[in-house]
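What follows is the residue order along each chain.
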Amino acid sequence: MNQHERLLIIDFGSQVTQLIARRLRELNVFCEIHPFNKVDDAFLAAFAPKAIIFSGGPSSVFAEGAPMPPAGVFDLGVPILGICYGQQVMMHLLGGKVERGHGTAEFGRAFVTPTTDKLDILDGWFAEGREQVWMSHGDHVSHIAPGFKVFGTSPNAPFAITADPERRFFAVQFHPEVHHTPKGAKLYENFVRLAGFTGDWTMGAYREDAIAKIRAQVGDAKVICGLSGGVDSSVAAVLIHEAIGDQLTCVFVDHGLLRQGEAEQVVTMFRDHYNMPLIHADESDLFLNALEGVSDPEVKRKTIGRLFIDVFQKHAHEVGGATFLAQGTLYPDVIESVSFSGGPSVTIKSHHNVGGLPEKMGMKLVEPLRELFKDEVRALGRELGLPASFIGRHPFPGPGLAIRCPGEITREKLAILRKADAVFIDQIRKHDLYDEIWQAFVALLPVKTVGVMGDGRTYDYACALRAVTSVDGMTADYYPFTHDFLGETATRIINEVQGINRVTYDITSKPPGTIEWE
């Protein structure tokens, strides 16, 4: 993406560095996160950033081997914003002084008040006299570097906002990227405006660039794509098809663990709407037979993952001569796969995409979404004309209904679960709540309960409804349905789904729970 104006985020290990990138992308500014130890003077010259942000981090500038940027970063003549540890790094390297805690640590909400001096990066701040911010620091700046002035203070951070306006160096002790700093987005907006960004990062531009890039990478070779029907793989497939047409073949593996009507929806959209070469691999018997008698959730996941790779590999050979494998890898996957210290990341998802397939099959990867966040993928999907019903779909796990059916999986239980889930989603759509909810589903519990229907006794399954709100799935809270909605939904499920006689609602947040049940 060399032709775009680019901002570099140097990561010092903060847990919220991704949020900085999200804030900037929302402003149509292209940025990349790179660990401090991968950024040297040669990297800076090649990347040619228009501005730089130093992230926060858990380290102390006094620690042996403390994370630091390259020496030449301050000589580039571009605006720099240091956040929390990033502020301390700036002060430490530019002639100021940082000291350990001594009662000046701050964690959580704080209030910053302005000094009498004005600073362009603070336009729109301090209309009420002070601003709420989110602090998370042990060390603190005790003397600011030459050329810097103070523009905001908090009770425990006398240098909460400092800047050298002449060199366009800005430094804050708090985290403007988090939700708890309400006007943080405005600060980033001011920073990129001062840096001269025109906001040229749009999905229209990305689409054109990505298509050119795919054509250059692939040439006249064949590409196969594992299609799940989820947003990421669907957008990747449509984008690649637009670039290379029938050189792409998609393989849709139906493992028998999909929701009601899901396989038909996916196949119809891609065959009819996009006229795309598609292998529909109905392997439900293979998967369900292998899962018979299995109740341990980890064994379920591993069995499904292993079989998926086997099946995908088998059908990929039908394409013949494909040298590229397409995946819907997103930017958060890329970031999580590189820890800021350079060691192996503990956050890599064990079931990410198609595991070790590229190496096993001697294929190269095509990952056209690897620079995008989830909301940007949805925007690209709209740009490509995917149906709104697909773009706005709730996330659906790779193992499918297997992990929404605790205990042993049977065809009978899956049929009951599919019907109950369809009723629940229909209710949510009927009440116009679908887009307010991050994810919603039914879990069929591995217990039966006594009930009364008509004049007869029943002994059927209990189910749990689950609906959560979230931004990125990392944390989540249950959706506050009304009792009327829950009562109406429970009545419909019990009346319409044979095999269920009791309905519960899961009100556990994440953490301590997870969104899925297994």
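Rules behind the numbers
- Sequence order as written defines residue numbering, which begins from 1 separately in each chain.
- For a predicted model such as this one, the threshold for reporting local features is a pLDDT of at least 70, and the threshold for listing and counting side-chain atom pairs is 80 or more; totals across whole chains, interfaces and linings nevertheless cover every residue.
- Excluded from the side-chain calculations are hydrogens and water; all other atoms, namely the structure's heavy atoms, are used.
- Labels follow the DSSP assignment, with helices taken as runs of H or I lasting at least four residues and strands as runs of E lasting at least two, numbered in each case from the N terminus.
- Remark: exposure states derive from per-residue accessible area (1.4 Å probe, protein chains only) relative to the maximum for the residue type, with buried under 20%, exposed over 50%, and partly exposed in between.
- In this analysis, two residues are considered to be in contact whenever any of their non-hydrogen atoms come within 4.5 Å of each other.
- A residue's pLDDT is the confidence the predictor assigns to it, expressed on a 0 to 100 scale.
- The working definition used for a salt bridge is a side-chain nitrogen of Lys or Arg within 4 Å of a carboxyl oxygen of Asp or Glu.
- For our purposes a nonpolar core is just a set of buried Ala, Val, Leu, Ile, Met, Phe, Trp, Tyr and Cys residues, chained together by side-chain atoms within 4.5 Å.
- Those domain boundaries reflect an automatic or database domain assignment.
- Note on geometry: axes are lines fitted to C-alpha atoms, helical ones only across the stretch in contact, with angles between N-to-C directions running from 0 to 180 degrees.
- The scheme is simple: roughly parallel for angles under 35 degrees, roughly antiparallel for over 145, roughly perpendicular for 65 to 115, oblique for anything else.
- Throughout, the ten residues Ala, Val, Leu, Ile, Met, Phe, Trp, Tyr, Cys and Pro are labelled nonpolar, Asp, Glu, Lys and Arg are labelled charged, and all others, Gly among them, are labelled polar.
- UniProt positions are given in the numbering used here, feature names are shortened, and annotations may be inferred rather than shown by experiment.
- By definition, turning the near helix anticlockwise from the far helix through less than a right angle yields a left-handed crossing, and turning it clockwise yields a right-handed one.

A word on the overall build of the protein chain
Consideration 1: In terms of helices and strands, the protein chain carries 15 helices and 20 strands.
Consideration 2: If one aligns the C-alpha atoms of the protein chain with their principal axes, the spans along those axes are about 80 × 60 × 40 Å.
Consideration 3: Looking at the protein chain residue by residue over its 518 residues, the buried ones come to 54%.
Consideration 4: Pairs at least 24 residues apart make up 76% of the contacts formed inside the protein chain by residues separated by at least 6 positions.

Side note on the confidence of the model for the protein chain
Consideration 1: Of the residues in the protein chain, 92% reach a pLDDT of 70 or more, and the chain-wide mean stands at 86.
Consideration 2: With pLDDT under 50 throughout, residues 339–355 is counted as low confidence; its partners more than four residues away or in other chains account for 30 contacts.

Structural notes on unusual backbone geometry
Trans peptide bonds make up the majority, and among non-glycine residues the majority have a negative phi.
Consideration 1: The omega angle of the peptide bond from K510 to P511 is -15°, so this bond is cis rather than trans.
Consideration 2: Note that P511 resides in the segment after β20 (500–505).
Consideration 3: Here the amide bond leading from P511 into P512 is cis, since omega sits at 10°, within 30 degrees of zero.
Consideration 4: Position of P512 among the secondary structure elements: in the segment after β20.
Consideration 5: In this structure, F126 is a non-glycine residue whose phi angle is positive, near 65°.
Consideration 6: With respect to the secondary-structure elements, F126 resides in the loop between β6 (106–114) and β7 (131–137).
Consideration 7: Given the relative accessible area of 13%, F126 is considered buried.
Consideration 8: Its identity is not glycine, yet D432 carries a phi of approximately 60°, on the positive side.
Consideration 9: Considering the arrangement of structural elements, one finds D432 in the loop between α14 (411–430) and β17 (439–453).
Consideration 10: We classify D432 as exposed; its relative accessible area is 66%.

A word on the pattern of salt bridges
Consideration 1: Overall, the coordinates contain 23 salt bridges when judged by the stated rule.
Consideration 2: Taking the shortest distance from any N to any O, the salt bridge between R22 and D375 comes out at 3.2 Å. Here R22, found in helix α1 (residues 17–26), pairs with D375, found in helix α12 (residues 374–383); they are 353 residues apart in sequence, far enough to count as distant.
Consideration 3: For R167, the salt bridge goes to D164, with nearest N and O atoms at 2.7 Å.
Consideration 4: Accessibility expressed as a relative area gives 6% for D164, which makes it buried.
Consideration 5: Here the residues in one salt-bridge network are R207, E242 and E383, joined through shared partners.

Side note on the nonpolar core
Nonpolar side chains tend to gather and get buried jointly when the protein is soluble and globular.
Consideration 1: Among the nonpolar cores identified, the biggest contains 48 residues, and F424, I428 and F481 are the most heavily contacted of them.
Consideration 2: The element best represented in this core is α14, accounting for eight residues.
Consideration 3: Of the domains in this structure, domain 2 (203–392) and domain 3 (411–505) are the two that each give at least three residues to this core.
Consideration 4: Not counting residues up to four positions away in its chain, the partners in contact with F481 are F424, I428, L433, I437, A467, L486 and Y505.
Consideration 5: Within the second largest apolar cluster, 45 residues are counted, among which are I211, F270, L369 and L386.

What to know about the environment of F396
Consideration 1: With respect to the helices, strands and loops of the structure, F396 is situated in the loop between α13 (388–391) and α14.
Consideration 2: Spatially, the C-alpha atoms of F396 and A440 are 9.5 Å apart, while their sequence positions differ by 44 residues.
Consideration 3: Not counting residues up to four positions away in its chain, the partners in contact with F396 are L257, L258, R259, E262, L401 and R404.

Examining the packing of helix α5 (residues 203–218) against α12
Two measures define how a pair of helices packs: the angle their axes make with one another and the distance between the axes.
Consideration 1: The N-to-C vectors of α5 and α12 enclose an angle of 80°; their axes lie 9 Å apart at closest approach. What the angle tells us is that α5 and α12 run roughly perpendicular. Residue-level contacts link M203, G204, Y206 and R207 of α5 to E376, A379, L380 and E383 of α12.
Consideration 2: Considered class by class, the residues forming the contact of α5 with α12 number four nonpolar, one polar and three charged.

What to know about the UniProt feature "active site" (unreviewed entry) in the protein chain
Consideration 1: Per the UniProt record, the feature "active site" (unreviewed entry) sits at C84, H175 and E177. Despite a sequence span of 94 residues, these residues sit close together in the fold, their greatest C-alpha distance being 11.2 Å.
Consideration 2: Relative to the helices and strands, H175 is located in the loop between β11 (169–172) and α4 (184–194).
Consideration 3: Not counting the four nearest positions on each side in its chain, H175 is found in contact with S14, V16, G56, I83, C84, W134, S136 and T181.
Consideration 4: For E177, the location among the structural elements is in the loop between β11 and α4.
Consideration 5: Classification of E177 as buried rests on a relative accessible area of 1%.
Consideration 6: E177 has contacts with V16, L19, I20, R23, I83 and Y188, leaving out every residue within four places of it along the chain.

As for the packing of α1 against α4
Consideration 1: At a minimum axis distance of 10 Å, the contact between α1 and α4 shows a crossing angle of 65°. The two elements α1 and α4 meet at a crossing, and its hand is right-handed. Taking contact as the criterion, the partners of I20, R23 and L24 in α1 are, on α4, A185, Y188 and V192.
Consideration 2: Its residues assigned to classes, the contact of α1 with α4 comprises five nonpolar, no polar and one charged.

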